[in-house]
Amino acid sequence: MSAAERTELQQTARRVLAERAPMGRVRELLDDSLGHDPMLFANLVELGWTGMHLPESAGGSGVAFADTAVVISELGRAVTAGPLVSSAVIAAGALALSSNTEQTALLLPVIVDGSTIATVALAGQGGHCSAAALGPTWRSSAGGGVVIDGEATFVLDAAIADVLVVFARGEAGVVAAVVDRAHPGVSVIPTTTLDQTRRAASVHFDAVEVSASSMLAEPHDGEALLASVVDIGATAMALDSFGIAEIVVERTADYVKQRFQFGRSIGSFQAIKHRLADDVLLVETSRVAVDNAAAAVDLAADPLSTRDRVIAVATAKAYVCDAAVTICGDSLQSHGGIGFTWEHDTHLYFKRAMLNQALFGTSRWHRHRVADEVLPLVRTSSTV
Amino acid sequence: MSEFERLRGEVREWCTATIPTDWREQQRGADHHQYIEFQRWWRDQLSAAGYFIPHWPRKWGGDEMSLPEQVVLYEELSRGDAPRLGITQVSVFNAAPAIMHAGTDEQKQRYLPAIAGGQIWCQGFSEPNAGSDLGGLQTRAVRDGDHYVVNGQKIWTSMAREAEQCILLARTDPEAPKTKGISFFVMDMRSPGVEVRPIKNLVGDSEFCETFMDDVLIPSENLIGPENGGWNVSQATLGSERAVALIGLAELLRRNGRDFLIDAATEWTMPDGTPALADSGVREAIGGLYGEVEILRLVLTRMVTNLLHHGGAGPEASVVKIYYTELLQRLMKFASELHGPPGQILRAGVPSSGWETHDFARDFIHSYSWTIGGGTNEIMRNIVGEQVLGLDREPRPAGVRP
Amino acid sequence: MADDVDEFRASALAFLTAHASRRMCPTGDAWGVGDDAIGLLDGYRDRIAEAAALERGRAWRRLVFDNGFGWLGGPPTLGGGGRSAQLDEEYRLLEREFDVPDQQPFATGTHLVAPAVLANGSDDVQRRFLPGLFRGDLVACQLLSEPEAGSDLAGLRTRATRDGDDWIVSGQKVWTSQAHLADIGQLLARTGAEAPKHRGLTMFLVDMRSPGVMVRPLRQMTGETHFNEVFLDEVRVPDTNRVGPLGSGWSAVMATLMAERAAVGSGAANSAVDPVARLIGLARHRGRAGDARVRQRLAVAHTNAELRRFLGLRLEAMATDCSPGSEGSILKLLFSEQGRSCGDVAGDLLGPALTADSGEWGAFAWTRWVTGAPMLSIAGGTDEIQRNTIAERVLGLPKEPAPKESGK
């Protein structure tokens, strides 16, 4: 898309979400058992936003990830619930990158047309998503496939997913496989998060047999696929946080302009003003960070070196997610008592920013990934 | 053995005998009614032991406990993981000092025994348009014969649903400069015309309320201090009581914040499987927080010492307020981030547990009630700049009345 | 216009290659080799050496100008190339790869004074001064700030009183870099008593060799004497040296102030040495590369530098989405933050080695960075002023209200 087209996409997304998923609707869904509005999801599918950046052969539009990135940020800005990101961005990304082209050809089109919802299941105890800390484990099965056991935590939208893309670790390495959620060995236990605009769950696997044809990655390429998928997830979280960062600064500025104490608008006091100026800095630097990350995970472009991709994504994930949390805290402080109420929207942004910060790798972990690229270590037996 | 050591031992024993070891689990997810019941029970225990209003004059039911003894008491209660007594915060720490300082003997007789008996009071000061600029409050009290007629709205009134009495600031002279036209009343919360609406806060609790007054009648003998002298009456909350309460809070931060974090983090691992506490960056941060909590305690001890010798808390209280609240916030933010995804799981709160509920993410968000409430930290910094450093106040904008 | 740029680069490179040699080791790239200097402010400790360097610099500058690369964005009538100003920046970056005499002394004239003269000066003033500024014949300094007028520049007190065809100027200026080397000074003086106070200001160009001009060096904590106080004692300035109409000084200096912010925040003021690369090398060579704490801080330093770089590129490429001035403020704030934080990391890695010179390569050299960094948050508009600008221009927050006792 050209810059002008991208701006138009952003404006359309903003308008659609304002009409179909305004704050009132967001609040209604907080305690909703389903957790999202299937009608809205259907609308977004109709608009072509599931898998814009996926190959045309799969029903996508084959545009740059940067274009889908616009939609992801708008969803964050509107704190929208729903499986678009889990399914059409992260899980779809895993499928698109997999060498199992048959599975890709089977599943991508139904993800794009919205009839199938997919999500990735990989985090282990403590929510970690490194190869060594994956939750599910695998062993070889007789027919050339694998048997999966164990538990994946913080799986987004697991309860409404039809298909799970599972990453599992074993003696020989990491594998990835497609598993039906309806499989008898799979049980989903919802995890209620502070952020009630999204739904997560733990998924238990009890001797789930996966045929060879459902394998997305074998031990020789599993770890690389895992890293790529984690990077797509991390980028999505950073983009969601960027949307939050922007709107929170806008709304806080609006508030402090019209809130009067001591005969003047509180936005004219330097303590408030300077804090917001620092937040503007965070937004502008976050903007370039997420642009870089989106370019780095673009499926259509020539792939970057792993080093360049990791640096771009990990930088953005740590920086932007931290920035959004800082901005939300500053906003709460600037709003004073009113921001502390349930009725005010600040906490919705704050909690979502905190969850983004935690999922698909903590900031600390991602900074270590950057350090590993710019200051590689020859690993000895222990790491301090 | 010194008197202090004896007292320490006595309180410690009492805590062991009285505080249920599982009270946090029992109170997790308590609704408002259960919270109030538990609070009343706890207050009764404290009262029976003479720990409820130990510093009050004997004539009003206290023990005239000295400042250092109070420090020992609150330290030990916190070390014993005592529940935080919230329902009598206003009655004991705000209403009683004002009445003792500015009330007539008749008023003291009327109100103090009830407070000593555990009566719940609320505070009607802040309004939607008078937060930091409290002097701009608009609730109106008009004299009519032997009573005042009150109309207006208050906000952030905690315990308003349970309170029997309210200490209320209302404007009695709209022509006078802002703070010189305000009067201090005791308002019966059961009066006709008083309406209370709870406010749900961002962690889901309803500690605060809005209070609406529609032609509420307050007898003129409920006016505390002179008419239009209410601002000074409200400032009379003794600094010493605040300081002592802060010591208890510092102990809780140490025990339930910092030390709990270190214990919990012992179980946590990094993604590569190594213990979180083996990461030198984590160690540095925790070491820093450890030291800062110790510093807080030392600063508070010094503040209390100064109170003893010089009688007033002065602007030091503002410094401490800033330091404590921001340390609490930083500690909880760090803990929450270190905890990662498991920290994001929604757990029910423990209403009597104060600011450290063992749920770091929740405590981080909740900490803003302290950087905002009790005077925002921005206002506190103004006070420090102006009163400690003698910096000029912001000039009043042209056209704005004092 | 892409062809133009490539074509231009080719011709610039040809010129540079013909007259200079490439820098052997871009400082900092090879650890332990060459000069380990890492500082934020250039400067000489010895004014004699400095004067000699200036002469070499002038000679090079003349060569560059006479060969058409001195002022690509300027009008041909004034000796310029009549092309895009972007090409001047391209040339400057290319020149940095070559071993040429120090060109820093001319930056004040070309980047700060020239924009004001172009925006406000009469044709005569432009003709008489601009070519000289770009050719190196005229080295400029700024006579703006005063002891009582820093952030609040409009409150300045230096007075200029009309006397026939001249103005008599008296007052005191401060923070004037290279006043001791300059041929002309860009002066902002009070010519009228109008209110608001900035209405009574006028800009002049002062011959620094005039009687009554006294320059006194100011020694800064990095050790150098880059800045000066300048005392003006009834200095005679011809009215033909006035830049713009009477009372137009404030708008004239705006061009300079905006250019200064952009310059400090962008590449122009960047250290030639990459501080992050140096910090990484320092960690490695001091055996701290495996320390998780250090790795986190290096990742943060890397991130901040990269994001500042990308943001600078992005803002340059855009035709101001932010209103004028605020992008310079954003970059300047980021740069001052980077100055501080890189210094902190260096201190962390070096410990005592930062306080005394042990001879270790790349260690004590950091003192110049650490003692120079605070300047970034003060000069060219303090961080506080930048934050005001950002909040007011980007977010539309109100300015501080006028106090009840109305000001000048």
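Residues numbered from 1 in each chain as written. Chains lettered and ligands numbered in written order. Predicted model: local features only at pLDDT ≥ 70, side-chain atom pairs only at ≥ 80, totals over all residues.

1. Describing the overall build of chain B
Tallying secondary structure elements over chain B gives 13 helices and 8 strands in all. Over its C-alpha atoms chain B spans a radius of gyration of 22 Å, differing by no more than 12% from the 21 Å that the globule rule assigns to 402 residues. Its C-alpha atoms give chain B principal-axis dimensions of about 75 × 55 × 45 Å. A burial count over chain B gives 42% of its 402 residues as buried. (Helix = DSSP H or I, 4+ residues; strand = E, 2+ residues; numbered from the N terminus. Rg over C-alpha atoms; globule rule 2.2 N^0.38 Å. Buried ≥ 20, exposed ≤ 12 C-beta atoms within 10 Å, placed from the backbone.)

2. What about the overall build of chain C?
The helix and strand tally for chain C stands at 11 helices and 10 strands. Expressed along its principal axes, the backbone C-alpha trace of chain C runs to roughly 70 × 60 × 45 Å. Counting every position in chain C, which comprises 408 residues, the buried fraction comes to 43%.

3. Thoughts on unusual backbone geometry
Residues and elements named next belong to chain B. Although it is not a glycine, Glu64 adopts a positive phi angle of roughly 50 degrees. Mapping Glu64 onto the fold places it in the loop between α3 (32-48) and α4 (67-79). With 12 C-beta atoms counted inside 10 Å, the residue Glu64 sits in the exposed group.

4. A word on the environment of C:Thr158
Residue and element names in this part refer to chain C. Note on placement: Thr158 falls in the loop between β3 (140-143) and β4 (159-163). The class for Thr158 is buried, based on 21 C-beta atoms found within 10 Å. As a C-alpha pair, Thr158 and Arg314 span 156 residues in sequence and 40 Å in three-dimensional space. Contacts of Thr158, omitting those with residues within four sequence positions, involve Glu146, Val169, Ser170, Gly171, Gln172, Lys173, Ala189, Arg190 and Leu232. (Contact = placed C-beta atoms within 7 Å.)

5. Side note on the interface of chain A and chain B
Many analyses report the size of an interface as the accessible area lost when the parts associate. In this complex, chain A contributes 38 residues to the contact, which on the side of chain B involves 36 residues. Every element with two or more residues in the side of chain A that touches chain B is listed here: β3 (146-156), α9 (306-335), α10 (346-358) and α11 (363-374) of chain A. A breakdown of the residues in the side of chain A that touches chain B according to their chemical character gives 17 nonpolar, 19 polar and 2 charged. (Nonpolar A, V, L, I, M, F, W, Y, C, P; charged D, E, K, R; others polar.)

6. Some thoughts on the confidence of the model for chain C
All names here are of chain C. Summing up the model confidence of chain C, the mean pLDDT is 88 and the portion of residues at 70 or higher is 90%. Confidence over residues 319-323 falls short of pLDDT 50; this stretch has 4 contacts with residues more than four positions distant or in other chains. On the interface metric, ipTM, the complex scores 0.94, and its pTM is 0.92. (pLDDT = per-residue confidence, 0-100.)

7. Remarks on the domain arrangement of chain B
Residue and element names in this part refer to chain B. Here chain B is partitioned into domain 1 (3-85), domain 2 (120-229) and domain 3 (239-388). Distance between the C-alpha centres of domain 2 and domain 3: 32 Å. Looking at the side of domain 2 that touches domain 3 residue by residue, the class counts come to 2 nonpolar, 1 polar and 1 charged. (Domains from an automatic or database assignment.)

8. Concerning the pairing of strand β5 (residues 173-180) of chain A
Residue and element names in this part refer to chain A. Most of β5 sits out of view: 6 of its 8 residues are buried. Both strand β4 (residues 163-170) and β5 contribute to a ladder of 8 bridges, which runs antiparallel. Following the sheet pairing, Gly170 is matched in β5 by Gly173. Between the end of β4 and the start of β5, which pair antiparallel, lie 2 residues. (Pairing = 2+ DSSP bridges.)

9. Section: α9(A)
All names here are of chain A. Between its terminal C-alpha atoms α9 stretches 43 Å, which fits the 44 Å expected from 30 residues at 1.5 Å a residue. In terms of residue burial, α9 counts as a mostly covered element, since 25 of its 30 residues are buried. Two residues or fewer past α9, Gly336 is found with a positive phi of approximately 65 degrees. (Expected span 1.5 Å × (residues − 1).)

10. Side note on the environment of B:Arg43
Residue and element names in this part refer to chain B. You can see Arg43 is positioned in helix α3. The exposure class assigned to Arg43 is buried, which follows from the 21 C-beta atoms found within 10 Å. Remark: the alpha-carbon pair of Arg43 and Arg84, spanning 41 residues in sequence, is separated by 9.8 Å. Residues contacting Arg43, with those up to four places away along its chain left out, are Phe52, Leu85, Ile87, Thr88 and Gly118.

11. Details of the nonpolar core
Judged by nonpolar contacts, the single largest core of 272 residues is most densely connected at A:Ala94, A:Val165, A:Val166 and A:Ala177. Looking at this core, the element that brings in the most residues is helix α7 (residues 222-258) of chain A, giving 19 residues. C:Trp71, C:Ala114, C:Leu232 and C:Val243 belong to the second largest nonpolar core, which has 53 residues in total. (Core = buried A, V, L, I, M, F, W, Y, C linked by C-beta atoms within 7 Å.)

12. A few points about the packing of helix α8 (residues 270-296) of chain A against α9(A)
The axes of two packed helices give the description: the angle between them and the distance between them. Residue and element names in this part refer to chain A. Two numbers describe how α8 lies on α9: the axes approach to 8 Å, and their chain directions differ by 155 degrees. When the axes of α8 and α9 are compared, the pair comes out roughly antiparallel. When the axes of α8 and α9 are compared, the crossing they make is left-handed. (Axes fitted to C-alpha atoms, helices over the stretch in contact; angles between N-to-C directions. Parallel < 35°, antiparallel > 145°, perpendicular 65-115°, else oblique. Left-handed = near helix turned anticlockwise from the far one by under 90°.)

13. Some points on the packing of helix α4 (residues 65-77) of chain A against helix α5 (residues 84-97) of chain A
Residue and element names in this part refer to chain A. Packing of α4 against α5 leaves a shortest axis separation of 12 Å and a crossing angle of 155 degrees. Judged by the angle between their axes, α4 and α5 are roughly antiparallel. The way α4 lies across α5 gives a crossing that is left-handed. Of α5, the residues touching α4 (which contributes Thr68, Ile72 and Leu75) are Leu84, Val85 and Val89. The residue inventory of the contact of α4 with α5, partitioned by class, reads 5 nonpolar, 1 polar and no charged.

14. With respect to the environment of B:Gln119
Residues and elements named next belong to chain B. By secondary structure assignment, the location of Gln119 is in the loop between α6 (105-116) and β1 (121-124). Sequence separation of Gln119 and Ala265 is 146 residues, and the distance between their C-alpha atoms is 42 Å. Beyond its immediate chain neighbours, meaning those up to four positions away, Gln119 contacts Ser91, Ala114, Glu164 and Gln165.

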